[in-house]
Amino acid sequence: MSDAWQGYVRRIEELAARSGLKFHPVDFEAVPESFMTEIAVYGLPVRMPHWSFGVRYIYQLIQRHMGHSRLFEVVFPGNPGHAYLAQSNGLAENILVTAHVLGHADFSRNNLLFRRCQEQVSDRIVEHAANHARQISEAIEAHGPQRVEAALDAALALEQHIDVDQALRRERYPEYARDAKGLVDDAFQKRFAALERAGGDAPPEARKRAPVPPHPERDLLWFVANYAPEMESWERDIFLAVREESFYFYPVFATQIMNEGWASYWHARLLREADFIPQHAYVDAIKCHSDVVRPIAAESQVSLSINPYHLGFSMWEKLIERDGLDAARKVMEQDDDFAFVRNHLTRELAAELGLFRYQARSDGQITVLDPDLPALHEAVLAPKYNFGAPIVAASKVRTDGTLELTHDSRTDGRGLDLERSTKVLAYLHKVWRRPIVLTTVNQAGSALELNV
Amino acid sequence: MGEGAGKWYELFSRGARDWLRHDEKIRAAVKDNLPDIIAGADLANENARTVRVPVRMLEHHHFRLRRPDESFGAGQGNAKPGDVFTDPSKEGQGEKGPGGREEGEVQLLLEFKVDEIVDWLWEEMQLPNLKPRAGPSEETDWTREGWDRRGARSRLDRRRSFKEMVKRRGAPGATPTFTDEDLRYRQLARRRQPAVHAVVFFMLDVSGSMSDRDRKLAKTFFFWVVQGLRREYRSLESVFVGHTTEAWEFNEPEFFQVSGSGGTVASTGLSKVREIIDARYNPARSNIYLFYASDGDNSVSDAADARTALATVTADACFTGYVEVSAGPSRALATETGRMFEELQAAGCAAGSYALGDFDAVWGAVRHFFTTENEATA
């Protein structure tokens, strides 16, 4: 870790604080590139073992090998926050990254979605995840790698299927249904209750068992952990561990455009205002900045995806220029990407950035469509709905323990991929241990059942 | 963080650990699809110790929506409404195009040890070991047998000698150090071993009617036969005979390259085999196998000669197999040569035939011969 850079960290922090950023202290650590790669793959510095991470790891190595991606930093929110920087960064890159990390630290401390999820998960997710990893290696010792892998196959396949509007530590459903009659509070009921009972004995209380689940349940990880008829307790722990990590990942996912944009805005601005940075480092850092927020890969004219750094950066720049920093901070605190894009990606900005909407046919032919702002918003946001997963809810557990899952194909617009869904059901069957039925629609739109 | 601390991640890669697990899983999956490997394996050369199998990476499945016929997306750049272009990720295979939408697919080329595959094959077929034709044999081997007080210095058994010393010292009045009495030397003895020797004749029709593809089919099949028989015999020799209207013995590399022209006279090849057996192998001591690959178009005038020649070979062979490599499945084994082997089989000889139409059928052929051959010798 270069001493020259260490000297700048404090000064950048002071400058950031003066500029109105409010962040918890951040510990910086320089790590080898291999470790950066692993953080990118696992999402957390220490995480449970699973072969699917191995696949991602290889893809990441290939990407790195082809020079497609380079990681400068990964930051974990918390108090203190923890930022890992690549050892291979130069001084200019490290200065830029430091400012960028402080932008993230400000965002994660003040954005409501982040705050809510952190209150649930605690601000020590890195330690929690490491603890889960340890728990799971103990489970492997006790129950063998095959059984643990089967549980992880199922839990990780459902990792997006949580309900962030529910508490992380949720109570089980009430055992008995509230008596519908008791709720009716009219004059007749009162007078009837006041009557002396003819026999003197109170009639036995007619309690009715509530159906499980009482309403379609989208928090599948929680539901399976709590209501699987024959699940082992260590398997439940695995499901709940995966769920906790998903609670941590959700705000990162749902505010990516805002968060990366905010950090990029601040590293650019702090860099401009930092008169203590030597000229050569400043020039290098600005060059690095323009690489990061560049909208299109250098070799192509048109990109079929949008660089969230560039989009977020441009939106914040416009917003702060127009409404001032205080208004922008309010937006930063209260919005997620859905609100942010819908409210602040304007027609003018979209045109200025050259954003367009296209239609892709299955044979690969792509047609650029006429400008239509709300439709453009939807095209940008579509991959982000429901944590990026189809909406699948547990709708019923039959008396024989059969689990009924229902896919909300009306909201999603089309049915599930049958081959993949069947595989997911096969994973899940190994922990549910009773039949599972999944309802979705086929190509023609009529109902279809998958069974395991 | 201090220089010395926190360096564990330089010693241990979680990514690599999980990748190895993926690798194990994929090998297990390949094992479950042996017929495909055998068909698709790229057998670079006959002495290949490994085969390469292209595989796709495993996917950890999640609920996903069905791939739509038409989808909408958002892009950025220099494009006007109405512009039409093709998705770079759909052009070319595997590579992720610049600006593409989908992650390119990576194919792995896994190497498997041939021995490993044959192990799996054997499990799959559940063949009991073949009975070797054991004859009295000159084959000898030295085995260790007991100890002696005298011997060459190099055969001194230190451990044993030490034990002797300890034993002796247990007796009253013994001297404490080693004496010559304690020393023990390993003895060797000459042992006769039953012959577990086999020779397999590969006879290939190299006449003009055999296409390159036919020859490659035969080669793939022969490869697995060698691997299979090698399991069962301590020493296995292969002899390669090619024939058109004449017959020649080849060495292995030449054998698969040679291409002749002209007609097919199977009797010449069979006579050549007989000649080689007489010259080099004693049928009483060797297990002789013959596998013949041809497209079946034996010259009609050769019918009687071929039958006679075949009979002289089968008299001494453990097993004779015929694979018909031809593109048309309709006329499978309904050829001159096919009929000849059919008669042989009907006569109760250890013989079999199989129509090998394409590479997918190689597995079937291997299985066919090794199970019938087993029944024949059982």
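What you see is a predicted model, and the numbers here were worked out from it, not measured in a lab. Positions within a chain are numbered from 1, following the residues in the order the chain's sequence is written. Numbering of ligands from 1 and lettering of chains from A proceed in the order in which they are written. Reporting of local features is limited, given that this is a predicted model, to residues whose pLDDT is at least 70; pairs of side-chain atoms are given and counted only at 80 or more, and all residues count toward the totals for whole chains, interfaces and linings.

**Q** Describe the pairing of strand β11 (residues 319-325) of chain B, naming the residues involved and giving the relevant values.
**A** Put simply, side chains in a regular strand alternate between the two faces of the sheet. Residue and element names in this part refer to chain B. Across the seven residues that make up β11, a large majority, seven, are buried. Three exposure classes are used, all based on how many other C-beta atoms lie within 10 Å of a residue's own C-beta (placed from the backbone): buried at 20 or more, exposed at 12 or fewer, and partly exposed between those limits. Put simply, DSSP H or I for four residues or longer makes a helix, DSSP E for two residues or longer makes a strand, and each gets a number counted from the N terminus. What you see with β11 is no split at all: Phe319, Gly321, Val323 and Val325 on one side and Thr320, Tyr322 and Glu324 on the other are buried throughout. The pairing of strand β10 (residues 286-294) with β11 spans six bridges and is classified as parallel. Of the residues in β11, the one forming a bridge with Phe291 is Gly321. Note on handedness: a clockwise path from strand one over the helix to strand two, with the strands aimed away from the viewer, defines a right-handed crossover. In this view, the connection linking β10 to its parallel neighbour β11 by way of helix α9 (residues 303-314) has right-handed handedness. Relative to strand β12 (residues 351-356), β11 is paired through six bridges, and the arrangement is parallel. Its bridge partner being in β12, Val323 is matched across the sheet by Tyr354. For two strands to count as paired, DSSP must find a minimum of two bridges between them.

**Q** Got a sec to walk through the interface of chain B and chain A? Specific residues and values, please.
**A** Facing the 48 residues of chain B at the interface are 67 residues of chain A. Breaking the side of chain B that touches chain A down by element, the ones donating at least two residues are α1 (8-11), α2 (14-31), β2 (70-77) and β3 (84-86) of chain B. Residue classes follow a fixed rule: Ala, Val, Leu, Ile, Met, Phe, Trp, Tyr, Cys and Pro count as nonpolar, while Asp, Glu, Lys and Arg count as charged, and any other residue, Gly among them, counts as polar. Across the side of chain B that touches chain A, the residue classes break down as 16 nonpolar, 16 polar and 16 charged. In this description, any two residues whose backbone-derived C-beta atoms lie within 7 Å of each other are considered to be in contact.

**Q** Help me get a handle on the environment of A:Gly401, residues and values and all.
**A** Residue and element names in this part refer to chain A. With respect to the secondary-structure elements, Gly401 resides in the loop between β9 (392-397) and β10 (403-407). In the structure, Gly401 is positioned 32 residues away from Arg433 in sequence and 8.8 Å away in space, judged by C-alpha atoms. Among residues more than four places away in sequence, those in contact with Gly401 are Pro229 and Arg434.

**Q** Run through the sheet that holds strand β2 (residues 73-76) of chain A, naming residues and quoting values.
**A** Residue and element names in this part refer to chain A. As summarised here, the arrangement of the three strands in space is β1-β3-β2, forming an open sheet in which the pairing is mixed. Of all strands in the sheet, those bounded by a partner on one side alone are β1 (26-31) and β2. Averaged over all adjacent pairs, the angle separating strand axes in this sheet is 15°, with direction ignored. Of the pairings in the sheet, the one linking β1 to strand β3 (residues 81-86) comprises six bridges and is parallel in character. Each residue of the ladder has a partner; that of Glu29, found in β3, is Tyr84. Axes, fitted as lines to C-alpha atoms, cover a helix only where it is in contact. Angles between the N-to-C directions of the axes lie from 0 to 180 degrees.

**Q** So what's going on with the domain arrangement of chain B? Residues and values would help.
**A** Each assigned domain of chain B is listed here: domain 1 (15-59 + 105-126), domain 2 (140-192) and domain 3 (197-377). The domain boundaries here were taken from an automatic or database domain assignment. The C-alpha-based centres of domain 2 of chain B and domain 3 of chain B are spaced at 55 Å.

**Q** Lay out the sheet that holds strand β9 (residues 247-250) of chain B in plain terms, naming residues and giving numbers.
**A** Residue and element names in this part refer to chain B. Pairing is mixed in the open sheet, where six strands are placed in the order β9-β8-β7-β10-β11-β12. Of all the strands in the sheet, the pair left with one neighbour each is β9 and β12. Across the sheet, the mean angle from the axis of one strand to that of its neighbour is 20°, orientation sign disregarded. Where strand β8 (residues 235-243) and β9 come together, four bridges link them in antiparallel fashion. Each bridged residue has a counterpart across the sheet, and for His243 the counterpart in β9 is Ala247.

**Q** Go over the packing of helix α16 (residues 337-344) of chain A against helix α18 (residues 373-381) of chain A, please, and point to the residues and values.
**A** Residues and elements named next belong to chain A. In contact at an axis separation of 10 Å, α16 and α18 are set at 155° when each is read in the N-to-C sense. In terms of orientation, α16 lies roughly antiparallel with respect to α18. Two packed elements cross with a definite hand, and for α16 against α18 that hand is right-handed. Judged by residue contacts, Asp337, Phe338, Val341 and Arg342 of α16 engage His377, Val380 and Leu381 from α18. For classification purposes, angles smaller than 35 degrees are called roughly parallel, those larger than 145 roughly antiparallel, those between 65 and 115 roughly perpendicular, and all remaining angles oblique. Take the far helix as the reference: if the near one is turned anticlockwise from it by less than a right angle, the crossing is left-handed, and if turned clockwise, right-handed.

**Q** Account for unusual backbone geometry, with residues named and values stated.
**A** All names here are of chain A. A cis amide bond links Asn79 with the next residue in sequence, Pro80, at an omega value of 0°. Structurally, Pro80 is set in the loop between β2 and β3. Cis geometry marks the peptide bond from Val212 to Pro213; its omega dihedral reads -10°. For Pro213, the location among the structural elements is in the loop between β5 (208-209) and α10 (220-227). Even without being glycine, Phe387 reaches a positive phi, approximately 60°. Turning to its location among the elements, Phe387 is positioned in the loop between α18 and β9. Of note in the backbone geometry, Arg433 takes a positive phi value of approximately 65° without being a glycine. Along the polypeptide, Arg433 turns up in the loop between α20 (418-432) and β11 (436-441). Judged by C-beta crowding, with 15 C-beta atoms within 10 Å, Arg433 ranks as partly exposed.

**Q** Would you mind going over helix α12 (residues 256-273) of chain A in detail, with residue names and values included?
**A** With 18 residues, α12(A) ought to run about 26 Å at 1.5 Å a step, and its terminal C-alpha atoms sit 25 Å apart, in line with that. The element α12(A) is extensively covered by neighbouring structure, given that 14 of its 18 residues are classed as buried. For a helix, the expected span equals 1.5 Å multiplied by the number of residues minus one.

**Q** Tell me about the packing of helix α2 (residues 33-42) of chain A against helix α3 (residues 51-65) of chain A, and please be specific about residues and values.
**A** Residues and elements named next belong to chain A. Contact pair α2 / α3: the axes reach a minimum separation of 9 Å and the direction vectors enclose 130°. Classed by the angle they form, the pair α2 and α3 counts as oblique. α3 is crossed by α2, and the crossing has right-handed handedness. In this structure, α2 contributes Thr37, Ala40, Val41 and Tyr42 to the contact, and α3 contributes Phe53, Arg56, Tyr57, Gln60, Leu61 and Arg64. Its residues assigned to classes, the contact of α2 with α3 shows six nonpolar, two polar and two charged.

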